[in-house]
Amino acid sequence: MKQIYQRPMLAASLALAFLAPSAHALTFVLHDVSAGGMSAQQLAAFQTAANYWSGKLSDPVTIYLDIGFNNLGQNILGSTSSTFAITDYNNIHNALLADASSALDNTAMAHMQSGPALKFWATQGDGSSRFDNDGSANNIYLGMTTANAKAMGFGIGTSIASPDASIVFANAYAGDFVYTRAGGIPSDKVDFITVAQHEIGHALGFTSGVDDIDYCMAPRNGAACGISNTADRFEGDWWYEPLDLFRYSAAGVADVRVGGTPYFSVDGGVTSIAPFSTGTEHGNGWQASHFGPNQVNLMRPFVGDGEWYDASNKDLAAMDAIGWDLTSPVPEPGTWAMLLAGLGLLGWTSRRRRHTSHPA
Ligand SMILES: [Zn+2]
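Keep in mind that what you see is a predicted model, and the values were worked out from it rather than measured.

Describing the coordination of the zinc ion
For step 1, the next point in the chain: Summarising the metal site, the zinc ion is bound by the protein donors His 198 (NE2), His 202 (NE2) and His 290 (NE2), whose distances to it range over 2.0 Å.
For step 2, the next point in the chain: Between consecutive donors of the zinc ion, the numbers of intervening residues give the motif H-x3-H-x87-H. With His 198 in helix H6 (residues 192-204) and His 290 in the loop between strand E14 (274-275) and strand E15 (302-303), the pair connects residues that are 92 residues apart, well separated along the chain.
For step 3, the next point in the chain: Owing to a relative accessible area of 0%, His 198 belongs among the buried residues under this scheme.

Now the structure itself:
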């Protein structure tokens, strides 16, 4: 088994069910687990972020989120820990096929690998890379956030007591956040709603196993991740996630290596929708569970002071590809303008802590 992080003990618990369940909408049940409780203003801002996703995604599923403020690392605004469900690629492939409802889905499904074992370029335990087509567990099994699994139609038994994800915001920045967009974002403030929408995006499945490879590869000793300290240390277990099915570095080149120049593609690598980030330690310095830093997307790895944004068509395309249904389809990738943007002032991250569970 590789790294399994324990959920921290949670102090005060207060169930806050904000949304009446609806038969045809994405519903969030929010549970404030902050020691002192979030303020009404903070809760309202998080609710705005949750409502945003409910308006963009139509899957009739309920997602349980623990939310709150706690201490995080330096320059980290928010952090999301998701529960993961593990199954084999064939199951996921079949679920995505059954769930396909958009033109983008159809393009994506036409370019999926046949399975049962995925073939891809992968980073090895010793830091080398190779075309990994040997049919080991890492080729066959994938981990999904339970929220993502629900979007694909898997029956997943989460609850307030056993949530899909836990989203934590930094105590250190509680006073630097602005909790409403009314009147604009002051130039010395961080938009909490943007950060909350971003973190929910991770919970919904915008994550990459490449981050775990980046963390657990040499020179770190494999034992630090609870695995053997061998060059093939990544072969015997699952590492990758649904978004990694759309990670390419050239036409026909599926690529889950740390570093390099991978991008999000739904047509087998022919068209790059957006570059991915490639790893904190051995990549571009940003977690691979993000788009690249230089385009304005909700799922880029940072938000700057004075900025706010919602999901771009590229963010939404990623959600569509991994099994969510969009309330409004996104345009064809070829029509999207490249939006190059500037400066990141503060990092954010989805420090990933795995909680494994078993799909029904
Ligand atoms: Zn993030």
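Moving on from the coordinates now.
Section: unusual backbone geometry
For step 1, the next point in the chain: Backbone torsion omega between Gly 115 and Pro 116 reads 5°, so that peptide bond is classified as cis.
For step 2, the next point in the chain: Topologically, Pro 116 is positioned in the loop between helix H3 (103-110) and strand E5 (120-123).
For step 3, the next point in the chain: The step from Ala 218 to Pro 219 runs through a cis peptide bond, and the omega angle for that step is 10°.
For step 4, the next point in the chain: Tracing the backbone through its elements, the reader meets Pro 219 in the loop between helix H7 (210-216) and strand E11 (247-250).
For step 5, the next point in the chain: If you check the backbone angles, Asn 75 has positive phi at about 65° while not being a glycine.

Here we look at the packing of helix H1 (residues 40-56) against H6
Geometrically, a packed helix pair is captured by the angle between its two axes and the distance between the axes.
For step 1, the next point in the chain: Direction vectors running N to C along H1 and H6 enclose 50°, while the axes themselves pass 9 Å from each other. Regarding the angle of H1 to H6, the classification is oblique. Like other packed secondary-structure pairs, H1 and H6 cross with a definite hand, here right-handed. Contacts between H1 and H6 involve Gln 42, Ala 45, Phe 46, Thr 48, Ala 49, Ala 50, Tyr 52 and Trp 53 from the first element and Phe 192, Ile 193, Ala 196, Gln 197, Ile 200, Gly 201 and Leu 204 from the second.
For step 2, the next point in the chain: Of the residues contributing to the contact of H1 with H6, the split by class is 11 nonpolar, four polar and no charged.

Looking at the packing of aromatic side chains
For step 1, the next point in the chain: Per the counting criterion, the structure on display carries 21 aromatic pairs.
For step 2, the next point in the chain: Between Phe 69 and Phe 177, the ring centres sit 6.3 Å apart and the planes meet at 70°, which makes this aromatic pair edge-to-face. Placement of the pair is Phe 69 in strand E3 (residues 62-70) and Phe 177 in strand E9 (residues 177-178), with a sequence separation of 108 residues.
For step 3, the next point in the chain: When the ring of Phe 234 is compared with that of Trp 239, the centres are 4.7 Å apart and the planes differ by 80°; the resulting orientation is edge-to-face.
For step 4, the next point in the chain: Taking relative accessible area as the criterion, Phe 234 reaches 2% and is therefore assigned buried.
For step 5, the next point in the chain: The structure contains a cluster of three or more aromatic residues connected by ring pairs, namely Phe 46, Phe 69, Phe 169, Phe 177, Tyr 179 and Phe 192.
For step 6, the next point in the chain: The ring of Tyr 215 carries the charged tip of Arg 220 above its face, separated from the ring centre by 4.0 Å.

As for the side chain of Asp 164
For step 1, the next point in the chain: Note on placement: Asp 164 falls in the loop between helix H5 (146-151) and strand E8 (165-170).
For step 2, the next point in the chain: Using a relative accessible area of 1% as the deciding quantity, one classes Asp 164 as buried.
For step 3, the next point in the chain: In this structure Asp 164 touches Thr 62, Ile 63, Tyr 64, Ser 81, Ser 82, Thr 83, Thr 146, Ala 147, Lys 150 and Thr 158, once residues within four positions along its chain are discounted.

Description of helix H8 (residues 313-321)
For step 1, the next point in the chain: With eight of nine residues buried, H8 lies mostly within the body of the structure.
For step 2, the next point in the chain: Along H8, the residues that are buried comprise Lys 314, Asp 315, Leu 316, Ala 317, Ala 318, Met 319, Asp 320 and Ala 321.
For step 3, the next point in the chain: Packed against the buried residues of H8 are H1, helix H2 (89-99), H3, H6, strand E13 (263-264) and E14.
For step 4, the next point in the chain: The first or second residue beyond H8 is Gly 323, which carries a positive phi of 120°.

Overview of the side chain of His 202
For step 1, the next point in the chain: Relative to the helices and strands, His 202 is located in helix H6.
For step 2, the next point in the chain: Taking relative accessible area as the criterion, His 202 reaches 1% and is therefore assigned buried.
For step 3, the next point in the chain: A polar atom in the side chain of His 202 sits 3.1 Å from the side chain of His 290.

The rules behind the values
- Residues numbered from 1 in each chain as written.
- Predicted model: local features only at pLDDT ≥ 70, side-chain atom pairs only at ≥ 80, totals over all residues.
- Heavy atoms only, no water.
- Donors = N, O, S within 2.8 Å, 3.2 Å for Na, K, Ca; no water.
- Helix = DSSP H or I, 4+ residues; strand = E, 2+ residues; numbered from the N terminus.
- Buried < 20%, exposed > 50% of the residue type's maximum accessible area, 1.4 Å probe, protein only.
- Axes fitted to C-alpha atoms, helices over the stretch in contact; angles between N-to-C directions.
- Parallel < 35°, antiparallel > 145°, perpendicular 65-115°, else oblique.
- Left-handed = near helix turned anticlockwise from the far one by under 90°.
- Contact = heavy atoms within 4.5 Å.
- Nonpolar A, V, L, I, M, F, W, Y, C, P; charged D, E, K, R; others polar.
- Phe/Tyr/Trp six-rings, centres within 6.5 Å; stacked < 30°, edge-to-face > 60°.
- Lys NZ or Arg CZ within 6 Å of the ring centre and 35° of its normal.
- Polar contact = N/O pair within 3.5 Å; in protein donor to acceptor, adjacent residues only side chain to side chain.

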